[in-house]
Amino acid sequence: MSSLLGGGGGGAIGRRLNFEVQTFKADHWVIEDSLATEEEARALATKLLPNREGVRIIRDFAGVPGKPATETIIFSEMREKKGKTIAVQPIDDSPVCTDTRDYLQADSRQTISKLLRQYLEDKALTASELLYNAAEMKRAINFENLVPTAVGRVASIQGKVTGQDVRERRDLIYSSLTDLRSKAEEAQKRASFSVKQDGFRGALEKVEALCNGNDADADYLSKVILCRDLVQIRNLLGKVEWLLESAGDAAQNKTAHIHIIDTLVADASSFPSVLQDLLGRQPDLATALQRMLDMLEGKFEPTEREMAPPIAKVLSNWLGSGHAPQTWQVVLEGFLRSLRGTAPLARDPERNRTSFTTIATRLITPSGLFGGSRVADALTLGYLRFIEQGGGEGRRLSIEGVMGVLPCLRDRALYLAELAGGDVGQREIDTVVARLRPLLSTDRDVNQLVGLQVPLKPKMQSMASLYTAVVKSGLPDEARAMLADRIDEMVASYIAQAKVIERLDDPSGSLRIRATRLMQFAANDVLSSPKARKMVRDQIVGHLRQPNFDGKFVEGLNTPQEQANALRQFYGLLRQAHFM
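Residues numbered from 1 in each chain as written. Predicted model: local features only at pLDDT ≥ 70, side-chain atom pairs only at ≥ 80, totals over all residues. Heavy atoms only, no water.

Visitor: Help me understand the overall build of the protein chain, please; the structure alone is not making it clear to me.
Guide: Per the secondary structure count, the protein chain includes 30 helices and six strands. Across its three principal axes, the protein chain shows a C-alpha extent of roughly 85 × 65 × 50 Å. In the protein chain, the share of contacts with a sequence separation of at least 24, taken over all contacts with a separation of at least 6, comes to 65%. With an accessible surface of roughly 28,200 Å², the protein chain has 50% of that area assigned to carbon and sulfur atoms. The positive charge centre, built from 76 side chains, and the negative charge centre, built from 74, are 1 Å apart in the protein chain. (Helix = DSSP H or I, 4+ residues; strand = E, 2+ residues; numbered from the N terminus. Contact = heavy atoms within 4.5 Å. Areas by Shrake-Rupley, 256 points an atom, 1.4 Å probe, with all protein chains shown as cover. Lys, Arg positive; Asp, Glu negative; His and termini not counted. Charge placed at Lys NZ, Arg CZ, Asp CG, Glu CD.)

Pasting the structure below:
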């Protein structure tokens, strides 16, 4: 992780650190002073705040000469306006927590973030800071009628699921909150050190020593330590920056440490305002959605026009690495929220539909539908912005509309198969099945579904991902089995008619090249339907059964080391394909 976040050693030669105090005026920030220490900056900020609309402190750190300075917002506070109402936000569902530890899980924290969004944004706090910092939990509990209203709302929703009396459910939630607060208080007493004093790695190493190998205890105490520093940063984007920069200061990061950072960054990234700040200036919603996809795929490169903060690229690299599943899901949810909304995608009304088409076609690739059923649902709901009808009729017209913007039959079938696993698809399951049947009818073939000119590997990948989507879909059992079998037959027929195996297993090539080609073709992302896989397996088994297979396989390789490596790689492919 340190390589992703820019960690590493280096001397202090040429480094410069100062703290810039800025005040908010009308619609922009104005520099008041630049000071040498954080203490001086905070003292000035406290003095200025009563007479300004807002104050913030930016840590300006110039490291190695020739590299750009790093600017981090370490404090930001707006003067509270009179008459501002903070209300509990509506939610449709809530996970049922049966144990105190359940409240610390991702789905529970996201529910807290939604419920208390106005309060958290106003106080520049995250759900984790409420749960792991006893003082902040106490402030929230004592804030007007906020927590009683939120608990009552959650208890009412959960009571319908569990069958419990609402009052009983409410009492259980209050009991858990009391336990969580007590646990946080005890944890804070155990550890007097902090990341600010000891550095990320140093603080977490002290935690591990204190916990004597208890991983769950170390995870909890580490988050308490980090949240104690986080509450001092009164800016949500600043929290993301501090977390990633702090973790990047460590030379190495354990999997458990990366999970801790992922948890805290996910909570800070769950606010729409933070995602907007990360993306910078975007001309319209469609462009913002495309850039969010870039971020999720690890491809976000800020442009000069966007004026996105440098940390956006760091976060994108991290998301693309696969090491941040919670943050990835949070950013995906932000993407889905905007995609399924009603806001125009482009400033020019004529470009709204073309913008939607561009996004939809990008989401469908040979490897499948990006984001699966949740994205299929969002596409369907998002298309409603072009339809006047509502209710069931509107949903059915929207399904037809999304199918209409997808370029080939396979893409339409994949969309429908994924849609069957979502809320919209289940409500309109008869329509989904009715539209899928003719797309995968017995008179169809692979070239009709994917396209005649598509090369062999992406063609087979497209059919493999379609087969997998249908097998794992929420379609009725009978329809799912029948449609999966049709895809299997199509792929097997194509392999036989196009003489795919004969082309791969060309007798003019060496046995090693022929067998390796067949195994690579049999990979799960290229070939997933059982009849097609059996055809390739039978061909490979035929080779394996010939006398002295290993000897013939390594012919032409000079050294024992080369021969051993070639055999090890081939048998590894056999095991991956479950052919052994």
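Visitor: What should I look at first to understand the confidence of the model for the protein chain in this one?
Guide: Low-pLDDT portions of the prediction should not be read for the details of their coordinates. Mean pLDDT over the protein chain stands at 88; residues scoring 70 or higher make up 93%. Per-residue pLDDT stays below 50 along residues 1-14; that stretch engages in 28 contacts with residues further than four places along the chain or on separate chains. (pLDDT = per-residue confidence, 0-100.)

Visitor: Quick question: what am I supposed to make of the packing of helix α19 (residues 391-405) against helix α22 (residues 429-439) here?
Guide: Orientation of α19 relative to α22, taken along the N-to-C sense of each, is 30°, at an axis distance of 10 Å. By the angle between their directions, the pair α19 and α22 is classed as roughly parallel. Read as a crossing pair, α19 and α22 show a hand that is right-handed. Across the interface between the two elements, R396, I399, E400 and M403 of α19 pack against T431, R435 and L439 of α22. Residues belonging to the contact of α19 with α22 are distributed by class as follows: three nonpolar, one polar and three charged. (Axes fitted to C-alpha atoms, helices over the stretch in contact; angles between N-to-C directions. Parallel < 35°, antiparallel > 145°, perpendicular 65-115°, else oblique. Left-handed = near helix turned anticlockwise from the far one by under 90°. Nonpolar A, V, L, I, M, F, W, Y, C, P; charged D, E, K, R; others polar.)

Visitor: How should I be thinking about the pattern of salt bridges in this particular structure?
Guide: One side chain can pair with another of opposite charge once the charged atoms of both are near each other. Scanning the entire structure with this criterion turns up 33 salt bridges. For the salt bridge of E428 with R396, the shortest nitrogen-to-oxygen distance reads 3.1 Å. Remark: R396 occurs in helix α19 and E428 occurs in the loop between α21 (423-427) and α22; sequence separation between them is 32 residues. The exposure class assigned to R396 is partly exposed, which follows from its relative accessible area of 37%. Linking D477 and R480 is a salt bridge whose minimum nitrogen-to-oxygen distance equals 2.7 Å. With D477 and R480 both in helix α25 (residues 477-497), this residue pair falls three residues apart, about one helical turn. Under the relative-accessibility criterion, D477 is labelled exposed at 56%. Assessed through its relative accessible area of 22%, R480 is described here as partly exposed. Put simply, R291, D294, E297, K299, E306 and R362 are held in one network by salt bridges that share partners. (Salt bridge = Lys/Arg side-chain N within 4 Å of Asp/Glu carboxyl O. Buried < 20%, exposed > 50% of the residue type's maximum accessible area, 1.4 Å probe, protein only.)

Visitor: I tried to follow the packing of aromatic side chains on my own but got confused; where do I start?
Guide: The description of an aromatic ring pair uses the distance of the two centres, along with the angle that the planes make with each other. Evaluated as defined, the whole model comprises ten aromatic pairs. Residues F549 and F553 carry aromatic rings whose centres are separated by 5.6 Å and whose planes lie at 40° to one another, so their mutual orientation is tilted. Highlighted residues: F549 and F553, both in helix α29 (residues 549-553), separated by four residues, approximately one helical turn. F553 shares its class with F549; the two are buried. Among the aromatic residues, ring-to-ring pairing joins F549, F553, F570 and Y571 into one connected group. Looking at K183, its charged tip hangs above the ring of Y220, at a distance of 4.1 Å from the centre. (Phe/Tyr/Trp six-rings, centres within 6.5 Å; stacked < 30°, edge-to-face > 60°. Lys NZ or Arg CZ within 6 Å of the ring centre and 35° of its normal.)

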